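Chains, contacts and geometry: an overview
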Amino acid sequence: MKISKRAINEKFKHSFQKVSEFSGSGLSSIESQYQRLRDQRVTLGVTGLSQSGKSTFITSLINQLSEFDCASLAGFSPVLSDRLRWVKLHPLDEKDLPEFPYRHNYQGLASPNPRWPDSTQDVSGCLLELRLKRVKNKLNPFAIKEFSLFLEIRDYPGEWLLDLPLRDMTFSRWCAQCNAQYSQDPRAQIMGNLLGELQSLDPLAPVDKGYLDELNKRYCDFLKACKYSHKSLSLIQPGRFLISGNSDAGDRSCFVPLLKCGSYTEGQLNGAAEDSYFKVCERRYKSYVKELVEPFYRDFFSRIDRQLILVDVVKALNSGPEYVDDMRQALANITDSFAYGSRSRLLQLFRSKIDKVIFAATKVDQIVSEDHDAAKQLLSVIIKQAYNNAQHEGVTPICEATAAVRSSKEIEHQAEKGLSGADSNGEPIGYIHPKIPGRVPSGDQWEPFLSWEIPQFNPPKGLSFTNSDAIPHIRMDTVINELIGDKCE
Ligand SMILES: Nc1nc2c(ncn2[C@@H]2O[C@H](COP(=O)(O)OP(=O)(O)O)[C@@H](O)[C@H]2O)c(=O)[nH]1
Ligand SMILES: [Mg+2]
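Residues numbered from 1 in each chain as written. Chains lettered and ligands numbered in written order. Predicted model: local features only at pLDDT ≥ 70, side-chain atom pairs only at ≥ 80, totals over all residues.

1. Considerations on the overall build of the protein
Under the convention used in this document: Every helix listed is a DSSP run of H or I at least four residues long, and every strand listed is a run of E at least two residues long, numbered separately from the N terminus. In this scheme every C-beta is placed from the backbone, and a residue whose C-beta has 20 or more other C-beta atoms within 10 Å is buried, one with 12 or fewer is exposed, and one in between is partly exposed. Contact between two residues is assigned whenever their backbone-derived C-beta positions fall within 7 Å.
For the protein, the helix and strand inventory stands at 18 helices and ten strands. For the protein, the proportion of its 489 residues judged to be buried stands at 40%. Within the protein, counting contacts between residues at least 6 apart in sequence, those at least 24 apart form 78% of the total.

So, in structure tokens, the structure goes:
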């Protein structure tokens, strides 16, 4: 009896459905599991601290691939070898997940007064379908000639990312970590009187809920000051304390770190009265982690196949040594929360691991092209610790330098190279910047970078939404190729 390939596939899908039901796996749909098993569905984890350029990168990624016939994608092999047939954007089939606002963002970038994507306040996602011609297989001339590769992409407020390490941290350990951090500048200075008050608050004393509310408000203001002060710090927890009016957080978000916990033993703290500051704050901390952080991790990060970590290296260099250290620590904490390594496709369905990591220095259109290699080198130094985490189980990370939206042009001024573009009012601006070093500066070497005032470029003018123009970029094609090139064969 002759059985068609289609019938075998259907039969396989059916038994696979049974296995999945039996295992109780939380995947969104059978179809997506089936695609994953056939290596035709990839979950991209676009990771990065707040303001590192994630939403802009995702917008540009979708744009470059959707408009591949006019985009500049020479470094993306399926385009070079003429194998990309068409690209479609779908919503992600997930309950309550809003669609990534691609159209809105692209319209903003391509409007007569171009604007950057709005700052991200909530989660969103999309599914990009790439229709590809298969690379010819001499051993199997009857192999299917075309297939679809599905890319799952999700966006989220970067602040939430820093909560991931809280999943493995007890409340008292978090308090100890905060105590060590807040006792040092620049945080001690930003915290002012609140530092002394939190350091003297007795964790075993009965809670005064009114006072705890007040402390919590002042603590949220302190965290906001860390983020929005002139040079923003990276390591800011809990991330949801930064979003004002975050109604779904409720009582769970009303706790503070009790900096005096270190004066007591674990036994004394565990034996505290139920209405003590310690027990009340600990309960709220636990429900914050269980009800907000865990589901975010489960829905957004537990299934990543390929990770892109975006780092604003130019801003770090402009902010100074404490800020570079802070960013370094924040990135190491984040990568600690992921599992790296390669797995069989079947195991990948049940417990995924990230088999490829790319660190990318973003917004490199703010520096001249001859310094891009140095920016890449500097990035590799800044992320060394995070890099070591990712090297577990043989995954060797790659460093790149990219700009999702090239907003500047190179100019020459008195035999020196510089950049020109427009500011947020559309007025022309230009500058010559200090030479970017390939390593973190020390001592006096910091001076030129700290006094360098980097003007914010507006996105370039002249893009047409109606004509579906491709967004100009720097090396997005190389990054896309590193991310999914091998999956397109
Ligand atoms: N010059 C330049 N600026 C960028 C680029 N990407 C992002 N930006 C700037 O960085 C800001 C934050 O970007 P966004 O994508 O919202 O970061 P997110 O918080 O990580 O999602 C934007 O508002 C822009 O001002 C880029 O490719 N070039
Ligand atoms: Mg964003």
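On we go.
2. Concerning helix H9 (residues 209-228)
Heads up, the rule is: Multiplying 1.5 Å by the helix residue count minus one yields the expected span of that helix. Arc, as used here, means the arc of the directions from the helix axis to the C-beta atoms.
Between its terminal C-alpha atoms H9 stretches 28 Å, which fits the 28 Å expected from 20 residues at 1.5 Å a residue. Residues Leu215, Tyr219, Phe222, Leu223 and Cys226 constitute the buried set of H9. Summarising the axial view, the buried residues of H9 lie within an arc of 95°, below the 170-degree limit, and thus occupy one face. For H9, the exposed residues set more than 90 degrees away from the buried face come down to Gly210, Asp213 and Tyr228. Contact partners of the buried residues in H9: helix H7 (187-191) and helix H8 (193-200).

3. Structural notes on unusual backbone geometry
Put simply, Asp185 and Pro186 share a cis peptide bond, and its omega is 5°. Assignment of secondary structure puts Pro186 in the loop between helix H6 (171-182) and H7. Along the chain, Gln237 connects to Pro238 via a cis peptide bond; the corresponding omega equals -10°. Within the secondary structure, Pro238 sits in the loop between H9 and helix H10 (266-270). At Lys363, a residue that is not glycine, the phi angle is positive and equals roughly 60°.

4. Quick notes on the site of ligand 1
Where we set the bar: Note on definitions: a residue is near a molecule or strand provided its C-beta atom, placed from the backbone, lies within 6 Å of it. Each residue gets one label: Ala, Val, Leu, Ile, Met, Phe, Trp, Tyr, Cys and Pro are nonpolar, Asp, Glu, Lys and Arg are charged, and the others, such as Gly, are polar.
Taken together, 23 residues form the shell around ligand 1, and within it Gly53, Lys54, Ser55, Thr56 and Trp116 come nearest. The greatest single-element share of the shell around ligand 1, amounting to three residues, is contributed by helix H3 (residues 54-66). Looking at side-chain class alone, the shell around ligand 1 contains six nonpolar, 14 polar and three charged residues.

5. Quick word on the nonpolar core
To keep things clear, this is the line we draw: Throughout this description, the term nonpolar core refers to a group of buried Ala, Val, Leu, Ile, Met, Phe, Trp, Tyr and Cys residues whose C-beta atoms join them within 7 Å.
Leu258, Cys281, Val311, Val313, Ala375, Leu379 and Ile382 are the most contacted members of the largest nonpolar core, which totals 114 residues. A total of nine residues in this core trace back to one element, the largest contributor, which is helix H11 (residues 277-300). Each residue touching Val313, except ones within four places of it in the same chain, is listed here: Ala361, Ala375, Leu378, Leu379 and Ile382.

6. What about the sheet that holds strand E7 (residues 398-401)?
The strands that make up a sheet are held in pairs by hydrogen bonds between backbone atoms, and each pair lies either parallel or antiparallel. Going by this rule: Between any two strands, pairing holds if DSSP finds at least two bridges. Lines fitted to the C-alpha atoms define the axes, with helices restricted to the stretch that makes contact. Angles between their N-to-C directions range from 0 to 180 degrees.
Judged by pairing direction, the sheet is mixed, and its seven strands sit side by side in the order E2-E3-E4-E1-E5-E6-E7 without closing on themselves. Every other strand in the sheet has two partners, leaving strand E2 (84-90) and E7 as the edge strands with one partner each. Each strand of the sheet is rotated relative to its neighbour by a mean of 20°, with strand direction disregarded. Sheet analysis places strand E1 (residues 41-48) next to strand E5 (residues 306-311), joined by five bridges and oriented parallel. Across the sheet, residue Gly48 finds its bridge partner in E5, namely Leu310.

7. Some remarks on helix H15 (residues 372-382)
All buried positions along H15 are accounted for by His372, Ala375, Lys376, Leu378, Leu379 and Ile382. For H15, the arc enclosing every buried residue in end-on projection is 165°, short of the 170-degree limit, so these residues lie on one face. Contacts made by the buried residues of H15 are with E5, helix H12 (313-319), helix H13 (321-336), strand E6 (356-361) and E7.

8. What about the environment of Pro165?
When you line up the elements, Pro165 lands in the loop between strand E4 (146-155) and H6. The exposure class of Pro165 is partly exposed, given the 19 C-beta atoms found within 10 Å. Taking the C-alpha atoms as reference points, Pro165 and Val293, 128 residues apart in sequence, are found 9.3 Å from one another. Among all residues touching Pro165, those that are not within four sequence positions of it are Asn333, Asp336 and Ser337.

9. Description of the confidence of the model for the protein
Defined as follows: The predictor attaches a confidence to each residue, and that confidence, scored 0 to 100, is pLDDT.
Residues at a pLDDT of 70 or more form 87% of the protein, whose mean pLDDT is 87. Between residues 1-27, whose pLDDT stays under 50, and residues either more than four places distant or in other chains, the model counts 14 contacts.

10. Digging into the sheet that holds strand E10 (residues 428-431)
A sheet is described by the order of its strands in space; here three strands give the open sequence E8-E9-E10, paired in antiparallel fashion. Either end of the sheet is taken by a strand with one partner, and the two such strands are strand E8 (409-413) and E10. Neighbouring strand axes in the sheet, compared pairwise and without regard to direction, differ in orientation by 35° on average. In this structure, E8 lies alongside strand E9 (residues 416-422), joined through five bridges in antiparallel fashion. Bridge pairing in E9 links His413 to Glu416.

11. Structural notes on the pairing of E4
Along E4, seven of the ten residues are buried, which leaves the element largely enclosed by surrounding structure. Inspection of the sheet shows E1 paired to E4 by four bridges, in the parallel sense. Of the residues in E4, the one forming a bridge with Thr43 is Glu152. In terms of strand pairing, strand E3 (residues 124-133) meets E4 through ten bridges, oriented antiparallel. Considered in E4, the bridge of Lys133 is made with Glu146.

12. Considering the pairing of E8
The buried fraction of E8 is low, at zero of five residues. Between E8 and E9, which pair antiparallel in sequence order, lie two residues; one of them, Gln414, sits at a positive phi of approximately 50°.

13. Here we look at the environment of Pro441
Among the structural elements, Pro441 can be located in the loop between E10 and helix H17 (447-450). The contact partners of Pro441, leaving out residues within four places of it in the chain, are Trp446 and Phe449.

14. Focus: the environment of Asp275
Tracing the backbone shows Asp275 in the loop between H10 and H11. For the pair formed by Asp275 and Ala205, sequence separation is 70 residues and the distance between their alpha carbons is 8.4 Å. Each residue touching Asp275, except ones within four places of it in the same chain, is listed here: Pro206, Val207 and Val280.

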